[in-house]
Amino acid sequence: MTTAHDIERSLYDWAPRELAMAWDNVGLLVGDPAQEVRRVLVALDITQGVAEEAVERGAQMIVSHHPVMNCAWHEVQTLRADDAQGRLLRYLVRHGLAACCMHTNLDAADGGVNDCLAHALGLSGLSMLNEEKIGRIGTLSCEIPLEEFLPAVVKSLGCSGLRFRDGGKPVHRVAVGGGACRDYIPQAIAQGCDTFVTADLRYNDFLDTHGLNLIDAGHYPTENVVCEAVRAYLAKSFPLLEVVRSASHHDAIQYYL
C-alpha cells in the first residue's frame, strides 16, 4: 500500500525541504499521512477546477508545485464557505483529497522547474544562476537573432505569447527563472548572459534593464514544464500507482506576440 506520507517522502528525496525558501510552505499540506493513495493528479496549482477534476478522475491525492495554503499569497486564517480559499480547502477535506506541494525546493532541485525550463528552450551546459539555485544559465547550440528566438519560446513553452525588451544582442547565453524571478536580473547581467527568460516582470524592469534581452513568457508556461517530470518521477518511484497529469489549463494572464 502506498500512503500520502510515502509520496511526500519520495518527493523530498528529489527536492529536499531544506532547499525551500524560508517563507515557503511545502510538503503534505492537507490530508492524513497514513491515507492510502492509488491515483495521483499532478498539477501546477490546486484550483477549484483541479480539485474537482481530481474527484472526477478518482484521485486520492493532488501533487502540485504551488502551495495551496500558508505561503506568501495564500495565508489562511479561516475556513469559511463564503471565501474562495476556504471553499477550496473545505472541498479537499470533504472529498478526502490529500495535497502535497513542492515549491521553491522543486525550483532549486536538480531536474526540477528550472532544469526543465532550460531543456525546453534547448539550452545545454547548464550552471546555477544564483546561490539559491533557483535559476539556470545555459547556451544555445548556435547564436540566433532575438526575433528568431521569441517564436521558439512561444512554441516550446506553449504560451499564447510574451512580453519582451530587445537588449540589442543576439541570443546565445541564456538565463532562465521559472515564475517570478525579476530579482535575479542583476545576476543574469553579471554572469554575462545576453537573454533572460522569466515571468511576472514589471514595467520598470523593462524600462530600467539595459544590455539584456528580457523576456516575460508567463508564470504558468515557465513552470508548467515541470509537471511531466513530476508525473514521470512518481510513476517510476511507485510502479503500482496511477499518476496522471491535470487537463486543466489555468494561466491567469494571456499574452499575444
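Each value, and the rule that gives it
Here the residue numbers are simple positions, counted from 1 along each chain's written sequence. The predicted origin of the model limits local features to residues at a pLDDT of at least 70 and limits the giving and counting of side-chain atom pairs to 80 or more, whereas totals for whole chains, interfaces and linings rest on all residues. Hydrogens and water are ignored here; the side-chain numbers use all heavy atoms of the structure. Criterion for a salt bridge: a side-chain nitrogen of Lys or Arg within 4 Å of a carboxyl oxygen of Asp or Glu. Secondary structure follows DSSP: runs of H or I at least 4 residues long count as helices, runs of E at least 2 residues long count as strands, and numbering of each begins at the N terminus. Summary of the burial criterion: residues with accessible area below 20% of their type's maximum are buried, those above 50% are exposed, and those between are partly exposed, where the area comes from a 1.4 Å probe applied to protein chains only. The contact rule is simple, with two residues in contact once any of their heavy atoms fall within 4.5 Å. Only protein atoms enter the calculation, which uses a 1 Å grid: trapped sets of points that fit a 1.4 Å probe without letting it out are cavities, open sets showing protein on both sides within 12 Å along at least five of seven lines are pockets, and any residue with an atom within 4 Å of a point is a lining residue. Grid points are joined across faces, edges and corners, and a volume is the space filled by probe spheres set on the points. Residue polarity follows a fixed list, in which Ala, Val, Leu, Ile, Met, Phe, Trp, Tyr, Cys and Pro are nonpolar, Asp, Glu, Lys and Arg are charged, and the others, Gly among them, are polar. We treat two strands as partners when DSSP finds at least two bridges between them. Interaxial angles span 0 to 180 degrees and are taken between N-to-C directions of axes, which are lines fitted to C-alpha atoms, for helices over the stretch in contact. Viewed with both strands pointing away, a crossover whose connecting path from the first strand over the helix to the second turns clockwise is right-handed.

Asker: Describe the pattern of salt bridges, and please don't skip the residues or the numbers.
Answerer: Tallying each qualifying case throughout the model produces 11 salt bridges. Between D115 and R136 there is a salt bridge, with its nearest N and O atoms 2.9 Å apart. With a gap of 21 residues between them, D115 in helix α5 (residues 113-120) and R136 in strand β6 (residues 136-144) connect regions that are remote in the sequence. Of the two residues, D115 and R136, neither departs from the other in class, the shared state being buried. In this structure, R245 and E228 form a salt bridge, with 3.4 Å as the shortest nitrogen-oxygen distance.

Asker: Which residues make up the side chain of T198, and what values go with them?
Answerer: Along the chain, T198 turns up in strand β9 (residues 195-199). Leaving out residues up to four positions away in the same chain, T198 has contacts with G177, G179, A180, C181, I215, D216, A217, G218 and T222.

Asker: Describe in detail unusual backbone geometry, supporting the description with residues and values.
Answerer: Most peptide bonds take the trans form, and the phi angle of most residues other than glycine is negative. The backbone of K133 sits at a positive phi, close to 65°, despite the residue not being glycine. The phi dihedral of D200 falls on the positive side, at around 60°, and the residue is not glycine. Position of D200 relative to the elements: it lies in the loop between β9 and α8 (203-208).

Asker: Residue-level account of the layout of surface pockets, with values.
Answerer: The calculated volume of the largest pocket comes to roughly 300 Å³. Looking at the largest pocket, it is lined by 17 residues, and the ones nearest its centre are W23, T104, D107, A180 and C181. Mapped onto the lining of the largest pocket, the elements with two or more residues apiece are α4 (104-108), β8 (171-180) and α9 (219-224). The element best represented in the lining of the largest pocket is β8, accounting for three residues. Taken together, the residues of the lining of the largest pocket sort by class into seven nonpolar, six polar and four charged.

Asker: Explain the sheet that holds strand β4 (residues 98-101) residue by residue, including any values.
Answerer: Spatially, five strands are ordered β1-β4-β3-β2-β11 in an open sheet, and the strand pairing comes out mixed. Edge positions in the sheet fall to β1 (27-30) and β11 (242-245), since each of these pairs with one other strand and no more. Strand-to-strand twist of the sheet, defined as the mean angle between neighbouring strand axes without regard to direction, takes the value 25°. Running at roughly 155° to strand β2 (residues 39-43), helix α2 (residues 48-56) makes contact with β2, β3 (61-64) and β11 of the sheet.

Asker: Summarise the pairing of β3; cite the residues concerned and give the values.
Answerer: The side-chain alternation of β3 yields two buried faces, one formed by M61 and V63 and the other by I62 and S64. Since β2 and β3 lie parallel, the crossover through α2 that links them has a hand, and here it is right-handed. Read as a crossover between parallel neighbours, the route from β3 over helix α3 (residues 84-94) to β4 is right-handed.

Asker: So what about empty space enclosed by the protein? Which residues, and what values?
Answerer: For the structure shown, the criterion picks out one cavity of 30 Å³ or more. Estimates place the volume of the largest cavity at around 50 Å³. Mapped by element, the contributors of at least two residues to the lining of the largest cavity are β2, β3 and α10 (226-237). If one sorts the elements of the lining of the largest cavity by residue count, α10 sits on top with three residues. Class assignment for the residues of the lining of the largest cavity results in nine nonpolar, two polar and no charged.

Asker: Before we move on, could you go through the sheet that holds strand β7 (residues 163-165) and cite the residues and values that matter?
Answerer: With mixed pairing, the six strands of this open sheet are ordered in space as β5-β6-β8-β9-β10-β7. On the outer flanks of this sheet lie β5 (124-128) and β7, each paired with one strand and no other. Geometrically, the sheet is characterised by an average inter-axis angle of 25° between neighbouring strands, direction not taken into account. Sheet analysis places β9 next to strand β10 (residues 213-216), joined by four bridges and oriented parallel. Looking across to β10, one finds that V197 is bridged to I215. Against the sheet, α5 touches β5, β6, β8 and β9, its axis set at about 140° to β8.

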